[in-house]
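# Reading the structure
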Amino acid sequence: AKIISKEKSERFLKHKISLIQSVLAPDAQNLLIANATQTGVSKIYPVMSDNVSAKPKDKIQKWQKIVLENFKQCERADIAFVQEIEPLFCAISKFKKENVLIFAERDCNISLENALKNVDKNDEIAVVIGPEGGFSNNEFEKFKKENYNLISLGSLIYKAPNAVVAAVSNVVSRL
């Protein structure tokens, strides 16, 4: 066989979107990682939040393998990377406050459209998804105290793997 031509893939997003997500039970976590890869996130930050019930052990390599499988299937030009598991607020602190979009089931204080007006589109944007059962009261209090953007996905409550698709797709389409 002879290579006749080469072309660079154009299957990547113009903006860098990272996902901060509370670790889920194994099957749900695997689906969430696949969904995140397919929707175009560049980094996945699995985090421990108050209501996390899963006890992950040495899962980063497995999750990165799921990323690679979905990367190939979707013919992405750039591969997502799974970061080490860390506490929720440590991951959030890596981003500019205006670039943190927390999708929550209650206490929402801004629409997605208005939140995106303040986003620095030249920097990474963090989409934050909570655990099964939602964020704790303490986490909501800290979000409010720190003036983070709390955004609703509407009147329905989604399971976390589906919330990733809804949240990231909404952000991508509006950017």
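Before going into details, it helps to say that this report is about the structure given with it. (Residues numbered from 1 in each chain as written. Predicted model: local features only at pLDDT ≥ 70, side-chain atom pairs only at ≥ 80, totals over all residues. Heavy atoms only, no water.)

### Description of unusual backbone geometry
Most peptide bonds take the trans form, and the phi angle of most residues other than glycine is negative. Put simply, the test is: Going along the chain from the N terminus, every DSSP run of H or I of four or more residues is numbered as a helix, and every run of E of two or more is numbered as a strand.
A positive phi angle, close to 55°, is found at E75, a residue other than glycine. Topologically, E75 is positioned in the loop between α2 (60–73) and β3 (81–82). We note that D107 has phi near 60°; this positive angle belongs to a residue other than glycine.

### Focus: the packing of aromatic side chains
Put simply, the rule is: For Phe, Tyr and Trp, where Trp contributes only its six-membered ring, two rings pair if their centres lie within 6.5 Å, and the inter-plane angle classes them as stacked under 30 degrees, edge-to-face over 60, or tilted in between. Exposure classes here rest on a 1.4 Å probe applied to the protein chains alone. A residue is buried below 20% of its type maximum, exposed above 50%, and partly exposed in between.
Inspection of every chain in the model, using the stated rule, returns 6 aromatic pairs. Considering the side-chain rings of F135 and F143, the 5.1 Å spacing of their centres and the 90° angle between planes classify their relative orientation as edge-to-face. We classify F135 as buried; its relative accessible area is 3%. Residue F143 is classed as buried on the basis of its relative accessible area, which comes to 0%. Among the aromatic residues, ring-to-ring pairing joins F89, F135, F140, F143 and Y148 into one connected group.

### Topic: the nonpolar core
The criterion, for reference: Throughout, nonpolar core names a set of buried Ala, Val, Leu, Ile, Met, Phe, Trp, Tyr and Cys residues whose side chains join them through atoms within 4.5 Å. Only heavy atoms matter for contacts: two residues are in contact if any of them lie within 4.5 Å across the pair.
Counting 35 residues, the largest nonpolar core has L19, I44, L101, F103, V127, I129 and V171 as the members making the most contacts within it. Of all the secondary structure elements, the ones that give two or more residues to this core are β1 (17–22), α1 (26–39), α2, β5 (100–103), α4 (112–117), β6 (125–129) and α6 (160–174). Take this core: its biggest share by element is 6 residues, from α6. Ignoring sequence-local partners within four residues, the contact set of V127 consists of I17, S18, L19, I20, L101, F103, A167, V168 and V171. Counting residues in each nonpolar core, the second largest holds 17 residues, with L88, F95, I102 and A104 among its members.

### Some remarks on the environment of S42
Along the chain, S42 falls in the loop between α1 and β2 (43–48). Given a relative accessible area of 11%, S42 falls into the buried group. S42 sits 38 residues away from A80 along the chain, and the two C-alpha atoms are 4.3 Å apart. Non-local contacts of S42, meaning those with residues more than four positions away in its chain, are made with K16, I17, S18, R76, I79, A80, F81 and E124.

### Digging into the side chain of S49
As a reminder, the rule being used: Two N or O atoms count as a polar contact when they lie within 3.5 Å, although within protein this holds only if one can serve as hydrogen donor and the other as acceptor, and sequence-adjacent residues are included solely when both atoms are side-chain atoms.
Looking at the element boundaries, S49 is found in the loop between β2 and α2. Under the relative-accessibility criterion, S49 is labelled buried at 9%. Polar side-chain contacts of S49 include one of 2.7 Å to the side chain of S22. Setting aside residues up to four positions removed in sequence, S49 forms contacts with S22, L88, P131 and E139.

### Quick look at the packing of α1 against α6
The relative placement of two packed helices comes down to the angle between their axes together with the axis-to-axis distance. For clarity, the cut-off: Think of each axis as a best-fit line through the C-alpha atoms, taken over the contacting stretch in the case of a helix, with angles from 0 to 180 degrees between the N-to-C directions. For classification purposes, an angle smaller than 35 degrees is called roughly parallel, one larger than 145 roughly antiparallel, one from 65 to 115 roughly perpendicular, and anything else oblique. By convention, the crossing between two helices is left-handed when the near helix turns anticlockwise from the far helix through less than a right angle, and right-handed when the turn is clockwise. We call Asp, Glu, Lys and Arg charged. Ala, Val, Leu, Ile, Met, Phe, Trp, Tyr, Cys and Pro are nonpolar, and the rest, Gly among them, are polar.
Where α1 contacts α6, the axes come no closer than 8 Å and their chain directions differ by 15°. Overall, the two elements α1 and α6 adopt an arrangement that is roughly parallel. Crossing handedness for the pair α1 and α6: right-handed. Residues A28, L31, L32, N35, A36 and T39 of α1 form the contact with α6, whose own contacting residues are A160, P161, N162, V164, V165, V168, S169 and V172. Residue composition of the contact of α1 with α6, grouped by class: 10 nonpolar, 4 polar and no charged.

### Things to note about the pairing of β1
Here is the rule we go by: Pairing between strands is defined by DSSP: at least two bridges between the two strands are required.
In terms of burial, β1 is a largely internal element, 6 of the 6 residues being buried. Here β1 shows a buried face lined by I17, L19 and Q21 and a second buried face lined by S18, I20 and S22. Across 5 bridges, β1 lies against β6 in parallel orientation. Bridging from a neighbouring strand, L19 pairs with V127 of β6. Bridging between β1 and β2 involves 5 bridges; their strand directions are parallel.

### Some points on the pattern of salt bridges
To keep things clear, this is the line we draw: The term salt bridge refers to a pairing of a side-chain nitrogen on Lys or Arg with a carboxyl oxygen on Asp or Glu at a separation within 4 Å.
Throughout the structure, instances matching the rule amount to 11 salt bridges. A salt bridge links K16 to D78, with the shortest nitrogen-to-oxygen separation between them at 3.9 Å. With K16 in the segment before β1 and D78 in the loop between α2 and β3, this residue pair connects regions lying 62 residues apart in the sequence. For D78, a relative accessible area of 18% puts it in the buried group. K43 is the salt-bridge partner of E124, the closest N and O atoms lying 3.6 Å from each other. Of this pair, E124 sits in the loop between α4 and β6 while K43 sits in strand β2, placing them 81 residues apart in sequence. Among the residues examined, K43 registers a relative accessible area of 28% and is labelled partly exposed.

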